[in-house]
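Chain residues, written in single-letter form:
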Amino acid sequence: MRKTKKSHVIIVLIVLLLALAIGYAAFSSTLTINGTATGTGTWDVKFQSASLKNAEGGTDTSHGTATVTNDKTITATINLAYPGDGVILEAVVVNNGNTPAKLVGNLRIDGPESADVEVIQSSAGPTANEELPAGGTCTAQFAIKWKADSTATDLGEQTFTITYEYEQNTEEVVLNPTHTDA
């Protein structure tokens with residue numbers, strides 16, 4: 001009889017355990033959240049144009065050419081006629097993307113090392129860390145001048161290259177998820 005009581009107790013415990021499991025399953029559920037995240041940022045920062053200007057700001061074709069050779073480089077070939085002669089090289093950068101950009105360093109102009117030629121960047125031009133907002137433009141000018149006190153009689157053709165480096169200028173979003181009990 002003792003074995004039968006133990007068997008009944010075990011069977012009753014198993015039935016209670018199953019009832020608890022079924023009750024728990026009936027009152028619990030799993031929530032599944034599905035979603036898709038899409039990045040829609042576009043990056044399109046580049047030189048839009050390059051030109052040579054005279055002292056009055058008009059187009060100057062008599063001193064050479066300036067061309068955008070790729071999105072990040074302008075090449076200008078300058079011919080100065082005499083000591084004191086000069087020309088302004090103008091570069092326009094555009095941000096056609098929807099992500100703000102920041103200039104890394106300064107726009108850089110490289111050319112021949114010469115004691116007879118002076119290159120001056122406009123103080124109003126872009127500076128390091130300057131932001132170029134989405135859809136914005138930035139104009140930089142460089143004066144290239146044959147020094148007036150130069151004793152050289154012929155400079156020959158001078159080639160200058162303007163380059164830049166921009167990087168993304170965005171703020172990281174700080175997210176703090178919360179939980180609320182109803």
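In this text the structure is predicted, and so the values were computed from the model without any measurement.

Caption draft 1: Main features of the pairing of strand β2 (residues 64-70). Two strands pair when backbone bridges link them, and β2 and strand β3 (residues 73-78) are joined in this way by six bridges, in the antiparallel orientation. Residue pairing in the sheet places Thr 67 in a bridge with Thr 75 of β3. Between β2 and β3, which pair antiparallel and follow one another directly, the connecting turn spans two residues.

Caption draft 2: A look at the layout of surface pockets. A volume near 160 Å³ is recorded for the largest pocket. Considering the residues around the largest pocket, the lining is formed by 13 residues, among which Gly 86, Val 87, Ile 88, Ala 143 and Ile 144 are closest to the centre. Of all elements in the fold, only β4 (86-95), β7 (117-121) and β9 (137-146) reach the threshold of two or more residues within the lining of the largest pocket. Of the residues in the lining of the largest pocket, the class split is six nonpolar, three polar and four charged.

Caption draft 3: Representation of the sheet that holds β2. Read across the sheet, four strands follow the order β2-β3-β10-β6 without closing on themselves; strand pairing throughout is antiparallel. The two strands at the open ends of the sheet, each matched to only one other strand, are β2 and β6 (108-110). The sheet shows a mean angle of 20° between the axes of neighbouring strands, taken without regard to direction. Both β3 and strand β10 (residues 158-163) contribute to a ladder of six bridges, which runs antiparallel. In the sheet register, Thr 77 faces β10, and the bridge partner there is Thr 159.

Caption draft 4: Region of the structure containing the pairing of β10. Note that β6 and β10 share three bridges and pair antiparallel. Across the sheet, residue Asp 110 finds its bridge partner in β10, namely Thr 161.

Caption draft 5: Spatial organisation of the nonpolar core. Core analysis: the biggest nonpolar cluster contains 28 residues, and Ile 78, Leu 89, Ile 144 and Tyr 166 have the highest contact counts within it. Mapped by element, the contributors of at least two residues to this core are β1 (45-53), β3, β4, β5 (101-103), β9 and β10. Sorting elements by how many residues they give to this core places β9 first, with five residues. The residues contacting Ile 78, other than those within four sequence positions of it, are Leu 52, His 63, Val 87, Ile 144, Gly 156, Glu 157, Gln 158 and Phe 160.

Caption draft 6: Examining the packing of aromatic side chains more closely. Summed over the entire model, instances satisfying the criterion amount to two aromatic pairs. Judged by centre distance (4.9 Å) and plane angle (90°), the ring pair of Phe 47 and Tyr 164 falls under edge-to-face. Of this pair, Phe 47 sits in strand β1 while Tyr 164 sits in the loop between β10 and β11 (166-168), and the two are 117 residues apart along the sequence. Residue classification places Phe 47 among the buried residues on the basis of a relative accessible area of 3%. The exposure class of Tyr 164 is buried, given its relative accessible area of 6%. Arranged with centres 5.1 Å apart and planes meeting at 65°, the rings of Tyr 164 and Tyr 166 form a pair that is edge-to-face. Side by side, Tyr 164 and Tyr 166 carry an identical accessibility label, which is buried.

Conventions used here
Along each chain, residues carry numbers from 1 onward, in the same order as the chain's sequence is written. Local features are withheld for residues below a pLDDT of 70 in this predicted model, meaning they are given only at 70 or higher, and side-chain atom pairs are given and counted only at 80 or more; totals for whole chains, interfaces and linings count all residues. Water and hydrogen atoms were dropped before computing side-chain values, which therefore reflect all heavy atoms in the structure. Here, strands pair whenever DSSP counts at least two bridges between them. To qualify as a helix, a DSSP run of H or I must reach at least 4 residues; to qualify as a strand, a run of E must reach at least 2; elements of each kind are numbered from the N terminus. As defined here, a cavity is a set of points on a 1 Å grid over the protein atoms alone where a 1.4 Å probe fits but cannot get out. A pocket is an open set with protein on both sides within 12 Å along at least five of seven lines, and residues line them when an atom is within 4 Å of a point. Grid points are joined across faces, edges and corners, and a volume is the space filled by probe spheres set on the points. In this classification, Asp, Glu, Lys and Arg are treated as charged, Ala, Val, Leu, Ile, Met, Phe, Trp, Tyr, Cys and Pro as nonpolar, and every other residue, Gly included, as polar. Helix axes are fitted only over the stretch in contact, all axes being lines through C-alpha atoms; the angle between N-to-C directions runs from 0 to 180 degrees. Residues belong to one nonpolar core when they are buried, are Ala, Val, Leu, Ile, Met, Phe, Trp, Tyr or Cys, and are joined through side-chain atoms within 4.5 Å. A 1.4 Å probe rolled over the protein chains alone gives each residue an accessible area, and that area as a share of the maximum for its type sets the label: buried under 20%, exposed over 50%, partly exposed in between. We call two residues in contact when some of their heavy atoms are within 4.5 Å. The aromatic pairing rule takes the rings of Phe, Tyr and Trp, using the six-membered ring of Trp, and pairs them if the centres are within 6.5 Å, calling planes under 30 degrees apart stacked, those over 60 edge-to-face and the rest tilted.

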